[in-house]
Amino acid sequence: MTDHYHRGVTAGSDTVLELLPMVFAAPGEALARAEEVLGGRPPPLHASVAHQVIGIWQRDFGDMRLALTHLRRARSWAARADSAEREADVLATLGVALVHAGRTRQGMDALRRGVERGTGHTRARVLFRRAYSWWVLGHHKEALEDVRRAIPVLRQAEDVIWTARALTLRATVHLALGSVERANADFTAAEALWDTTGQEHDKADAVESRGLAAFRAGDVPAALRLLDEAEERYAKLGTPTFMLDIRRCEVLMAAGLAAEALAEADAALRALDGIGGQSTRKAELLLAAARAARLAGEPQTAIARAALAVRLFAGQRRTWWETHARLVLIGARHAAGRGSGRLVADAAAVAERLAALGAPAAPEASLLAGRIALDLGWTADAERHLAVAARSRRGGPPLARMTGWAAQALRAQAAGSARGVLEACRRGLDVLDDHRMTLGASELRARATAQGAELAALAQQASLVSGGPRRLLVWSERWRATALSTPPTRPPADPALLSGMTAYREIAARAEEARMEGKPVPALEREQRRLEREIRSRTLHMRGEAPDGGDRFDVGRLLARLGDNDDGQLVELAVLDGRVQVLLCGQGRVRRFEAGLLAAAETEAEHVQAGLRRLAHPGAQARLPVVEAAGRRLEELLLGPAAAHLGDGPVVIVPPGRLHRVPWALLPSLRERVLSVSPSASSWLRAKETAPPPGGRQVLVRGPGLATGGAEVPELAGRYGGATVLEDDDATVPRVLRELDGAGLAHIAAHGAFRADGPLFSSLRMADGPLIVHDFERLDRSPYRIILSCCDTARFATVGADELLGLVTALLPLGTAGVVACSAPVNDAAVVPLMVALHEALGTGLSLAEALRDARAGLPADAVHRATGWAFTAFGAA
């Protein structure tokens, strides 16, 4: 502060002035002390400071109306104190509050007067706050100019706190303009200064800002980790986190978690409305919610949120933000099927405006204009807009480059160049692969594939037109089950994560026990959900290993392997424009057949599942012909004419993710043959070439609460003399994992629970609680062969482009070459003879698929046993 400001300040004033920095170091304490000052008939200067402190607290953490009331009183008391510097400081705080309340003209006028009234150090602080307001409004050039003038003065005054704030602001503006390197330099300098202070709120803000920088640099796991850390810091201070909510939504969307982002944005909006918070934050949250709804496939929700955001931004005179909201609104209208010439013109105008503002989103708007023009058949207009969007393919963050390659692929398609389409799609998916490999969590890898769905579909269409069945197979493989192509990053030996998983198991076990006793469990369920969120967030923080290029799919290698497999055939089902394309691979060639509509097949598969559920209970014999007829219809829809060309050898089915619940053994042409299922041809090849571990240990596990008591396990224990048997109190998660690691064969009889809302929390019940997918991911090597003898162990969640998350798909990248699991509820008693027969056949040297076929054939012919046999599937190639 200047000398003039200090001349009117006594020792008592110094104590009161300390409340201003305290608002961001200990907000609650600052608020209480300011209210205490006002309760003691303070002099004008002290009253001004106290009202300003309460106004800042209410502005950032509470009710905007109360904030404005206190700040206007602070200005009045400053005028009575006859301190121009005090008045300038309050005017700056009031100006920021007015801007946040949506009263832009009044706010900027107050800031202008503050700059005029203040001198030296105080004026620099006012300039910083005007720069901040320019940033809120999206006027980045003006923000940089004001902060450029403020920083040297703040540094000269050795004002550490305000210099660090100014550097953080400048970095944030650089990020908005796409200058990640400049932003990182400023963030680093600011953080070094924060380390010398006790400003806990500002320190949390610095961590949040580094999270934003990590995201802009393309490092999603680091962004999630830093934003979670910032949230923990804010929670200790008891302050709301609306800006962090907005940033977290942005990162969640980039991670493919759009539905979660929408839920978080809507929850934050409710909380903000509940306290009468900042109008500017409300508009930004509405924009985040609109983007998330658009990505989550909810265009009507996106239209409603974006339209309201546009109105608020326009009223707040925030052109930068309003233009971004218009982009989302146009995209949502296009997704809802509202294509028109007016919409093309609107998208083009938004693209021009974004480019003029220096916004990194400009290519996205050009791509949208090009798409809508293509839909209308306006090829010349489309080419003009797409050419502009395609420029972004050469540089910038991964998702921006993918926007460019998508534009380039659409240009090539419009020009009739299949070769150009395939090249653009290849380059775009290469960018996505590099991005996915930075993600350590299998869930994020799977969800990230959604960003390449359009490129993969364009490539498949181009292949169908010009490249023949082999090329279509290559492109079908290019984006199929890519999350399984490499093992997920092993979870770190993080004590907090390990203790969280132990606590989760204990709580889940207590909740299950209480349910069985008929007791209410809401408190236990709340704690279980909290622990799930904590475990999941920690696993999402994992960074991926550096990409090693991996094995590219080779059709020749596949055909050679199939030739070695007793002239087996692999049937890969691709879906183009909603119709199933059957790619029949074997006997040295790839042939294509056209089958039915995917939607009809999905409906039929649901009918079959309902039929199998009924057949699991005695007395449903009359339903057997109905289920068998549904199996015939499924075969016609899924295999069509290809069914007549399967030959007599083994068959491997590679279905799209949406058909994962089809009981393939029910289809007439597959019923009596050696049959296995694989998420991709590449996955089958890897399984085929996986060597069993030395020693070939057998592990038999029997979980609690089974209707038959896991009756097959004692019989199998007698068959495998040296097997490790874990049952009763020995069947605990740590012990089971220890024995499973590196085993040759594992048989687990335990209740399975599939979690559609959190597939990686799908579980097998052990003596001490659930064994979840996250547990399996900790294994160095999962068992070479694993048999899961209970219901719902082969259920998956379909995510991303065509990815599956569940128990079986977690095992396949971790060293398991073959799994037998069940995709429907089954009769527990009928499972026992099937499992015993399966192991008898394995003992003769057969593969899992061969053994399962023979075990089915040996079952009684009644409906219950036949339905049980159909419900089990062999996955992989062991």
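## Some words on the overall build of the chain
Move 1: Along its length, the chain carries 40 helices and 16 strands.
Move 2: A compact globule built from 878 residues should have a C-alpha radius of gyration of about 29 Å, and the chain, at 32 Å, falls within 12% of that.
Move 3: Along the longest, intermediate and shortest principal axes, the C-alpha atoms of the chain span 100 × 70 × 45 Å.
Move 4: Within the chain, the proportion of its 878 residues that are buried is 59%.
Move 5: Sequence-distant contacts in the chain: of pairs separated by 6 or more residues, those separated by 24 or more amount to 70%.
Move 6: Summed over all atoms, the accessible surface of the chain reaches about 33,600 Å², with 50% contributed by carbon and sulfur.
Move 7: Placing the 109 positive and 103 negative side-chain charges of the chain at their respective mean positions leaves the two points 6 Å apart.

## Some remarks on the packing of aromatic side chains
Move 1: Enumeration over the complete set of coordinates arrives at five aromatic pairs.
Move 2: With a centroid separation of 5.7 Å and an interplanar angle of 50°, the aromatic rings of Tyr132 and Trp135 are classed as tilted. Remark: Trp135 and Tyr132 occur in helix α9 (residues 120-137); sequence separation between them is three residues, near one turn of the helix. Trp135 shares its class with Tyr132; the two are buried.
Move 3: Lying over the aromatic face of Trp77, Arg80 brings its terminal NZ or CZ to 4.2 Å of the ring centre.
Move 4: The aromatic ring of Trp162 is capped on one face by Arg165, whose charged end is 4.9 Å from the ring centroid.

## Some words on the side chain of Glu477
Move 1: Position of Glu477 relative to the elements: it lies in helix α27 (residues 468-478).
Move 2: A distance of 2.8 Å separates a polar atom in the side chain of Glu477 from the backbone nitrogen of Ala681.
Move 3: Excluding residues within four positions of it along the chain, Glu477 makes contact with Phe553, Glu572, Val654, Ser680, Ala681 and Ser682.

## Description of the nonpolar core
Move 1: With 132 residues, the main nonpolar core has Trp135, Leu169, Val220, Leu354, Cys425 and Leu444 as its most contacted residues.
Move 2: A per-element tally of this core places α9 first, with 10 residues.
Move 3: Apart from residues lying up to four places away in sequence, Leu354 is in contact with Thr323, His324, Leu327, Ala359, Ala361, Ala362 and Ala365.
Move 4: Phe593, Val674, Phe776 and Val831 belong to the second-largest nonpolar core, a separate cluster that totals 100 residues.

## So, the pairing of strand β2 (residues 579-586)
Move 1: For β2, the buried fraction is high: seven of the eight residues fall into the buried class.
Move 2: As defined by bridge partners, strand β1 (residues 569-576) adjoins β2 across seven bridges and the pair is classed as antiparallel. Across the sheet, residue Ala574 finds its bridge partner in β2, namely Gln581.
Move 3: Taken together, β1 and the strand that follows it, β2, pair antiparallel across an intervening segment of two residues, in which Asp577 is found at a positive phi of about 50°.
Move 4: As paired elements, β2 and strand β3 (residues 589-597) share seven bridges and run antiparallel to each other. By the bridge assignment for β3, Gln581 is matched with Glu594.

## Some thoughts on the packing of helix α23 (residues 398-414) against helix α26 (residues 453-466)
Move 1: Between α23 and α26, the least distance of the axes is 10 Å, while the angle of their chain directions is 25°. By the criterion of interaxial angle, the relationship of α23 to α26 is roughly parallel. Crossing of α23 against α26: the hand is left-handed. Every residue of α26 that contacts α23 at Met402, Trp405, Ala406, Ala409, Leu410 and Gln413 is listed here: Glu454, Leu455, Leu458 and Gln461.
Move 2: Classifying every residue of the contact of α23 with α26 by side-chain character gives seven nonpolar, two polar and one charged.

## Overview of the pairing of strand β16 (residues 872-876)
Move 1: Taking burial as the measure, the five residues of β16 include five buried ones, the bulk of the element.
Move 2: Bridge analysis of strand β15 (residues 818-822) against β16 gives five bridges, and the strand direction is antiparallel. Looking at β16, one finds that Val819 is bridged to Phe875.

## Examining the environment of Gly721
Move 1: Following the sequence through the fold, Gly721 ends up in the loop between α34 (712-719) and β7 (724-727).
Move 2: By relative accessible area, Gly721 is classed as exposed at 71%.
Move 3: When the C-alpha atoms of Gly721 and Gln698 are compared, they prove to be 9.4 Å apart, with 23 residues separating the residues in sequence.

## What to know about the sheet that holds strand β9 (residues 752-753)
Move 1: Here we have three strands laid out as an open sheet, ordered β9-β10-β11, and antiparallel in their pairing. In the strand order of this sheet, the two ends are held by β9 and β11 (769-772), each with one partner.
Move 2: Where strand β10 (residues 763-766) lies against β11, four bridges are found, and the strand directions are antiparallel. Paired with Met766 across the bridge in β11 is Gly769.
Move 3: The sheet strands contacting helix α28 (residues 495-516) are β10 and β11, and the helix crosses β11 at an angle near 130°.
Move 4: Across the face of the sheet, helix α35 (residues 733-740) comes into contact with β10 and β11 while running at roughly 30° to β11.

## Examining the packing of helix α38 (residues 828-842) against helix α40 (residues 863-871)
Move 1: In contact at an axis separation of 9 Å, α38 and α40 are set at 60° when each is read in the N-to-C sense. With respect to their mutual orientation, α38 and α40 come out oblique. α38 and α40 meet at a crossing whose hand is right-handed. When α38 is examined against α40, the residues Ala830, Val831, Pro833 and Leu834 are found in contact with a partner set consisting of Val864, His865, Thr868 and Gly869.
Move 2: Here the contact of α38 with α40 is composed, by residue class, of five nonpolar, three polar and no charged.

## Examining helix α17 (residues 279-295)
Move 1: The end-to-end C-alpha separation of α17 is 25 Å, in line with the 24 Å expected for 17 residues at 1.5 Å each.
Move 2: For α17, the tally of buried residues reaches 13 of 17 residues, placing the bulk of the element in the interior.
Move 3: Of the residues flanking the end of α17, it is Gly297, one or two places downstream, whose phi is positive at about 75°.

## Quick notes on the confidence of the model for the chain
Move 1: Averaged over all residues, the pLDDT of the chain is 88; the fraction at 70 or higher stands at 95%.
Move 2: Within the chain, the element-level pLDDT minimum falls on helix α1 (residues 3-7), averaging 33, and the maximum on helix α18 (residues 299-315), averaging 96.
Move 3: Low confidence marks residues 1-12, where pLDDT is under 50. Its contacts with residues over four positions away, or in another chain, come to 19 contacts.

## Structural notes on unusual backbone geometry
Move 1: Even without a glycine there, the phi angle at Asp82 is positive, about 55°.
Move 2: The phi torsion at Asp728 lies on the positive side, around 50°, for a residue other than glycine.
Move 3: Tracing the backbone shows Asp728 in the loop between β7 and α35.
Move 4: Of the residues examined, Asp728 reaches a relative accessible area of 61% and is grouped as exposed.

## Remarks on the environment of Arg427
Move 1: Along the chain, Arg427 turns up in helix α24 (residues 418-436).
Move 2: The class for Arg427 is partly exposed, based on a relative accessible area of 32%.
Move 3: The sequence separation of Arg427 and Pro693 amounts to 266 residues, and the corresponding C-alpha distance is 38 Å.
Move 4: Beyond its immediate chain neighbours, meaning those up to four positions away, Arg427 contacts Arg394 and Trp405.

## Concerning the pattern of salt bridges
A side chain with one charge may pair with a side chain of the opposite charge, provided their charged atoms come close.
Move 1: Applying the stated rule across the entire model yields 57 salt bridges.
Move 2: In this structure, Asp186 and Arg170 form a salt bridge, with 2.7 Å as the shortest nitrogen-oxygen distance. In this pair, Asp186 is assigned in helix α12 (residues 180-194) and Arg170 in helix α11 (residues 160-176), connecting sequence segments 16 residues apart.
Move 3: Glu628 is paired through a salt bridge with Arg866; the nearest N and O atoms lie 2.8 Å apart. Here Glu628, found in helix α32 (residues 624-638), pairs with Arg866, found in helix α40; they are 238 residues apart in sequence, far enough to count as distant.
Move 4: Classification of Arg866 as partly exposed rests on a relative accessible area of 29%.

Parameters and conventions
Residues numbered from 1 in each chain as written. Predicted model: local features only at pLDDT ≥ 70, side-chain atom pairs only at ≥ 80, totals over all residues. Heavy atoms only, no water. Helix = DSSP H or I, 4+ residues; strand = E, 2+ residues; numbered from the N terminus. Rg over C-alpha atoms; globule rule 2.2 N^0.38 Å. Buried < 20%, exposed > 50% of the residue type's maximum accessible area, 1.4 Å probe, protein only. Contact = heavy atoms within 4.5 Å. Areas by Shrake-Rupley, 256 points an atom, 1.4 Å probe, with all protein chains shown as cover. Lys, Arg positive; Asp, Glu negative; His and termini not counted. Charge placed at Lys NZ, Arg CZ, Asp CG, Glu CD. Phe/Tyr/Trp six-rings, centres within 6.5 Å; stacked < 30°, edge-to-face > 60°. Lys NZ or Arg CZ within 6 Å of the ring centre and 35° of its normal. Polar contact = N/O pair within 3.5 Å; in protein donor to acceptor, adjacent residues only side chain to side chain. Core = buried A, V, L, I, M, F, W, Y, C linked by side-chain atoms within 4.5 Å. Pairing = 2+ DSSP bridges. Axes fitted to C-alpha atoms, helices over the stretch in contact; angles between N-to-C directions. Parallel < 35°, antiparallel > 145°, perpendicular 65-115°, else oblique. Left-handed = near helix turned anticlockwise from the far one by under 90°. Nonpolar A, V, L, I, M, F, W, Y, C, P; charged D, E, K, R; others polar. Expected span 1.5 Å × (residues − 1). pLDDT = per-residue confidence, 0-100. Salt bridge = Lys/Arg side-chain N within 4 Å of Asp/Glu carboxyl O.

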